[in-house]
Amino acid sequence: MGAIGPRTSSGGWLYRASKAAVNSVLKDVSLTLAGRATCISFHPGWVKTDMGGAGADLEVGQSVSDMRRVIAGLTPADNGRFLNHDGTAIDW
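Predicted model, so just to flag it, every value in this text is computed and none were measured. (Residues numbered from 1 in each chain as written. Predicted model: local features only at pLDDT ≥ 70, side-chain atom pairs only at ≥ 80, totals over all residues. Heavy atoms only, no water.)

Overall, the coordinates contain 2 salt bridges when judged by the stated rule. Of the charged contacts in the structure, one is a salt bridge between K48 and E59, with a shortest N-O distance of 3.3 Å. Linking K48 in the loop between β1 (41-43) and α2 (60-72) with E59 in the loop between β1 and α2, this pair joins segments that are 11 residues apart in sequence. Under the relative-accessibility criterion, E59 is labelled partly exposed at 47%. Of the charged contacts, one joins D78 and R81 as a salt bridge, the two residues approaching to 2.8 Å between their closest N and O atoms. (Salt bridge = Lys/Arg side-chain N within 4 Å of Asp/Glu carboxyl O. Helix = DSSP H or I, 4+ residues; strand = E, 2+ residues; numbered from the N terminus. Buried < 20%, exposed > 50% of the residue type's maximum accessible area, 1.4 Å probe, protein only.)

Tracing the chain through its elements places D57 in the loop between β1 and α2. C-alpha of D57 to C-alpha of M67: the two residues are 10 residues apart in sequence and 15 Å apart in space.

Tracing the sequence through the fold places D86 in the segment after β2 (82-84). For D86, a relative accessible area of 32% corresponds to the partly exposed category. Leaving out residues up to four positions away in the same chain, D86 has contacts with D66, R69 and V70. (Contact = heavy atoms within 4.5 Å.)

Below is the structure:
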């Protein structure tokens, strides 16, 4: 919801704007802390939660497991990236 590039609908525009704003702050923080921290923005996927609903693609455990694996493999070269829960890059 925070990515602008792959957007194909206008639904949830206020929620999307808040997520895009958070991603903008993350990108600024990644530039400020470059060389001292690796900062990324995560999309956890469409997760079966109260918000995601029963029709979502991922169980909570799978999303968390994927993100933990990605975090464990991060390098300084990943600083400032926007990643899907499985580590694939998302266009800002």
